[in-house]
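Read off the chains here:
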Amino acid sequence: MSKVLVIGAGGVGSVAVHKMAMNSDIFTHITLASRTKAKCDAIAESVKQRTGVTIDTARIDADDVAATTALIRSVKPALVVNLALPYQDLAIMDACLAAGTNYLDTANYEPRDEARFEYSWQWAYQDRFREAGLMALLGSGFDPGVTSVFATYTRKHLLDRIDTLDILDCNGGDTGLPFATNFNPEINLREVTAPSRHWENGAWIEGPALAHKQVFDFDQVGPKNMYLMYHEELESLAKFYPEIKRIRFWMTFGDSYLKHLEVLENVGLTRIDPVMFEGREIIPIQFLKALLPEPSSLGPLTKGKTNIGTIATGEKDGAARTVYVNNVCDHEDAYAETGNQAVSYTTGVPAMIGAALMLTGQWKGAGVFNMEQLDPDPFMDMLNKHGLPWKVRDLDAPLDF
Ligand code: NDP
């Protein structure tokens, strides 16, 4: 019996739970809990229709450690999969420690009042998880998540030494809407408006947000503008692969998205500090989130493909080599299978895979783990089997920028 408790009923939670139900030999009992129980019930209904599997649902405010501990104690899962927001990470880790349960998430902790996501807060739980004999797996989404697994696979099988690593994240999907974010709008806007940062020769190089642009021709999508950004996995890759001299992250954005973003920033709607409005405090970015479409509603609208991968340069058997490992995911196919678009799909599937590897004991340990620390082979194998097939391609030359 492998019971799992999933917290968070957004797009990512929906995909993960559908995929778990499709693998009911591993996930023998699934409970989905979130702040709004109606959203859990709607997902449960879809899971029942698509897979025939019945899942349990519950209401939980995961900021409340005591309530979450009580829920974990009553469900008695072998693993809690946190697919709520980064703000809840520490509270859910505390509840897992109190209830004696393993933990997995897809995004690192970020305080609400500061747009600063980093692993330090969660790495600080290392001793407590190790002493309790429990495992916490951090960042088992696509990026972070699969991108680190691609890098680890590259280092294990394709290169004897990695010199440079570029992560290229392209969403070639189009919703037909003038402005929408493909995952939680508040988290997305905090991420893209942050200064860019990349790792070079042992130091972080910082620059203004979205100021460094390159064009890249993505397989099955075509040429797109991509922008240098800071992203979570840069921190764990720099920590676990000190040999890599330069690590960069690039994400594509369309001109319409950037035009809207610039205006929203200029008028102050992406601010995360409280402002007074009609006698009460509001946080502009939270108000903006309420106006924007929910990412989970974009499924039927989104057409096109995502293409996310890693390009590594280095050496294999004494010769220079550049290898590109990537996955292409179709928004409409993702929607047909789970009722969610590809950005939720590419995150929810790796969350299911990380959970499956923990529940089956293929990934095990006591303490707090990043993806780079675990054997990439069973994860890569499951990506191919569960909807996110990947390809390895040699490039003639390293990127010329
Ligand atoms: P959504 O906003 O669609 O869903 C978040 C869910 O969490 C909602 O159901 C929300 O409830 C619930 N929630 C929020 N606060 C609480 C709380 N205090 N207690 C219980 N439930 C709560 O986001 P996504 O599904 O798009 O993203 C989910 C997570 O995945 C995020 O952490 C995001 O950063 C991460 N992510 C990771 C990616 C990766 O590749 N690694 C890519 C994309 C996302 P309600 O509906 O009531 O608001």
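Structure shown above.
Residues numbered from 1 in each chain as written. Predicted model: local features only at pLDDT ≥ 70, side-chain atom pairs only at ≥ 80, totals over all residues. Heavy atoms only, no water.

1. Some thoughts on the overall build of the chain
Right, on to step 1. Counting its secondary structure elements, the chain contains 14 helices and 18 strands.
Right, on to step 2. Relative to the 2.2 N^0.38 estimate, which gives 21 Å for 401 residues, the radius of gyration of the chain is 20 Å and therefore close to what a compact globule would have.
Right, on to step 3. The proportion of buried residues among the 401 residues of the chain is 57%.
Right, on to step 4. Of all intrachain contacts in the chain linking residues separated by at least 6 positions in sequence, the fraction that spans at least 24 positions is 73%.
Right, on to step 5. Summing over all exposed atoms, the chain offers an accessible surface of approximately 16,000 Å²; the carbon and sulfur share of this is 50%. (Helix = DSSP H or I, 4+ residues; strand = E, 2+ residues; numbered from the N terminus. Rg over C-alpha atoms; globule rule 2.2 N^0.38 Å. Buried < 20%, exposed > 50% of the residue type's maximum accessible area, 1.4 Å probe, protein only. Contact = heavy atoms within 4.5 Å. Areas by Shrake-Rupley, 256 points an atom, 1.4 Å probe, with all protein chains shown as cover.)

2. Thoughts on the sheet that holds strand β17 (residues 367–370)
Right, on to step 1. The parallel open sheet is built from 7 strands, whose spatial order is β3-β2-β1-β4-β5-β6-β17. Both outer strands of the open sheet, β3 (56–59) and β17, are each paired with one neighbouring strand and no more. Averaged over neighbouring strand pairs, the angle between their axes works out to 20° when direction is ignored.
Right, on to step 2. Relative to β3, strand β2 (residues 29–34) runs parallel, the two sharing 4 bridges. Bridging from a neighbouring strand, Thr31 pairs with Asp56 of β3. (Pairing = 2+ DSSP bridges. Axes fitted to C-alpha atoms, helices over the stretch in contact; angles between N-to-C directions.)

3. As for the pattern of salt bridges
Right, on to step 1. All told, the structure shown has 21 salt bridges when counted by the stated rule.
Right, on to step 2. Note that Lys391 and Asp219 form a salt bridge whose closest N and O atoms lie 3.8 Å from each other. Residue Lys391 is found in strand β18 (residues 390–395), and its partner Asp219 is found in the loop between β10 (213–218) and β11 (222–229); the two are separated by 172 residues along the sequence.
Right, on to step 3. Classification of Asp219 by relative accessible area gives partly exposed; the value is 30%. (Salt bridge = Lys/Arg side-chain N within 4 Å of Asp/Glu carboxyl O.)

4. A closer look at the packing of aromatic side chains
Right, on to step 1. On inspection of all chains with the given rule, the structure shows 15 aromatic pairs.
Right, on to step 2. Here Tyr125 and Phe129 contribute two aromatic rings whose centre-to-centre distance is 6.5 Å and whose plane-to-plane angle is 50°, an arrangement assigned as tilted. Considered together, Tyr125 and Phe129 belong to a single accessibility category, that of buried residues.
Right, on to step 3. For the pair Tyr227 and Phe253, a centre-to-centre distance of 6.0 Å together with 50° between the ring planes defines the contact as tilted. Linking Tyr227 in strand β11 with Phe253 in the loop between β12 (246–252) and α10 (255–266), this pair joins segments that are 26 residues apart in sequence.
Right, on to step 4. In textbook terms, an aromatic cluster arises when at least three aromatic residues are bridged by ring pairs, as seen for Phe117, Trp199, Trp204 and Tyr230.
Right, on to step 5. In this structure, Arg128 is placed above the aromatic ring of Tyr125, and the distance from its NZ or CZ to the ring centre is 4.1 Å.
Right, on to step 6. The ring of Trp123 carries the charged tip of Lys239 above its face, separated from the ring centre by 4.1 Å. (Phe/Tyr/Trp six-rings, centres within 6.5 Å; stacked < 30°, edge-to-face > 60°. Lys NZ or Arg CZ within 6 Å of the ring centre and 35° of its normal.)

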